[in-house]
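# Analysis of the macromolecular model
Take a look at the letters that make up each chain.
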Amino acid sequence: MKPPWKHSTSLVAGGIVAGLLWGCAPAAQIPPQPILAETGTQGATAAIPAVDGRLQKTFDEALSRMKAKQFHEAAKRLEAIAREGQAVPGVQLNLGIAYLQLGEHSRAEQALRQALALDGGKSITYNQLGILLRRRGQFQQAREAYQKALTLEPGYPLAHLNLGILCDLYLQNRGCALSHYRAYQRLSAVADPQVELWIEDLQRQEYDQSSTEALQ
């Protein structure tokens, strides 16, 4: 049986938008609450090539809305930039995040895949794609997306955590879950006590199973 904290409906946001230039790794975020679904709604900033700075201002406003979790308002501003024909990965990534938070899964996937096409594949984008696929119930595809994120950036804590949660709650793969929970703890600046409880629970399940098998 899963411990009660794993049945919480709380979602943990790993920071709405990372205040970083596109291409830099986002800072790891420590989940402050119990987790059920994947974490990490981080996006990335990017300079918009506009001489008058008009589109950059719009993009900055969109990021502010993302940080305030005003995803509808953020999406409207990002869509305005996209209509200008600006092919910027950060715009599509943040659009994908906004659509995902609004439950517009088809539009989210389109934006995220466009971001991947523009940037050649970034770990943060594959992490967001994994979240989307998990929410759609496409668990094996979600696993592949997280694994791609980790291939690109083996030290990406949120991808390890998300893959651990996927393996634990949805794929029922204790070995996979333990491996990625431990990696998340090792890579985080401060070990998360909640994740440590999950590790202990999985270790206890493995011990109970081995003890039962020994008695048979």
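Residues numbered from 1 in each chain as written. Predicted model: local features only at pLDDT ≥ 70, side-chain atom pairs only at ≥ 80, totals over all residues. Heavy atoms only, no water.

## With respect to unusual backbone geometry
With glycine set apart, most residues show a phi of negative sign, and most peptide bonds adopt trans. Under the convention used in this document: Here a helix means four or more residues in a row that DSSP labels H or I, a strand means two or more in a row labelled E, and each is numbered from the N terminus. Residue burial is assigned from relative accessible area. The probe radius is 1.4 Å, only protein chains are included, and a residue is buried under 20% of its type maximum, exposed over 50%, and partly exposed in between.
Positive phi, normally seen in glycine, also occurs at Lys-69, with a value near 60 degrees. Along the polypeptide, Lys-69 turns up in the loop between helix H1 (54–67) and helix H2 (71–83). On the accessibility criterion, Lys-69 (54% relative accessible area) is exposed. The backbone of Gln-172 sits at a positive phi, close to 55 degrees, despite the residue not being glycine.

## Details of the state of the cysteines
For clarity, the cut-off: Two cysteine sulfurs form a disulfide in these notes if their separation is within 2.5 Å.
Per the stated rule, a full pass over the model turns up 1 disulfide. Here Cys-167 connects covalently by a disulfide to Cys-176, the sulfurs 2.0 Å from one another. Looking down the S-S bond of the Cys-167 and Cys-176 bridge, the torsion is 50 degrees, so its handedness is right-handed. Here the two residues Cys-167 and Cys-176 agree in accessibility, since each one is buried.

## Structural notes on the packing of helix H6 (residues 139–152) against helix H7 (residues 157–170)
Just so we agree on the cut-off: Axis definition: a line fit to C-alpha positions, over the contact stretch in the case of helices; interaxial angles, taken between N-to-C directions, run 0 to 180 degrees. Convention used here: angles under 35 degrees read as roughly parallel, angles over 145 as roughly antiparallel, angles from 65 to 115 as roughly perpendicular, and any remaining angle as oblique. When the near helix sits turned anticlockwise from the far one by under a right angle, the crossing is termed left-handed; a clockwise turn instead gives a right-handed crossing. Note on contacts: a residue pair qualifies if any of its non-hydrogen atoms lie within 4.5 Å across the two residues. By the convention adopted, Pro, Cys, Tyr, Trp, Phe, Met, Ile, Leu, Val and Ala count as nonpolar, Lys, Arg, Asp and Glu as charged, and the other residues, Gly among them, as polar.
Two elements in contact, H6 and H7, have axes whose closest approach is 9 Å; the angle formed by their N-to-C orientations is 155 degrees. When the axis of H6 is compared with that of H7, the two are roughly antiparallel. The handedness of the crossing between H6 and H7 comes out as left-handed. Contacts from Phe-139, Ala-142, Arg-143, Tyr-146, Gln-147, Ala-149 and Leu-150 in H6 reach Ala-159, His-160, Asn-162, Leu-163, Leu-166, Cys-167 and Tyr-170 in H7. The residue inventory of the contact of H6 with H7, partitioned by class, reads 10 nonpolar, 3 polar and 1 charged.

## Quick word on the confidence of the model for the protein
Threshold: Confidence of the predictor at the level of single residues is given by pLDDT, which spans 0 to 100.
Looking at the protein, pLDDT values average 79 and 72% of them are 70 or higher. No element of the protein has a lower mean pLDDT than strand E1 (residues 18–21), at 28, and none a higher one than H6, at 98. Low pLDDT, under 50, characterises residues 1–38; the predicted model gives this stretch 109 contacts beyond four residues in sequence or across chains.

## Structural notes on the environment of Ala-87
In this structure, Ala-87 sits in the loop between H2 and helix H3 (89–101). Taking C-alpha positions, Ala-87 is 9.1 Å from Gln-114, a pair spaced 27 residues apart along the chain.

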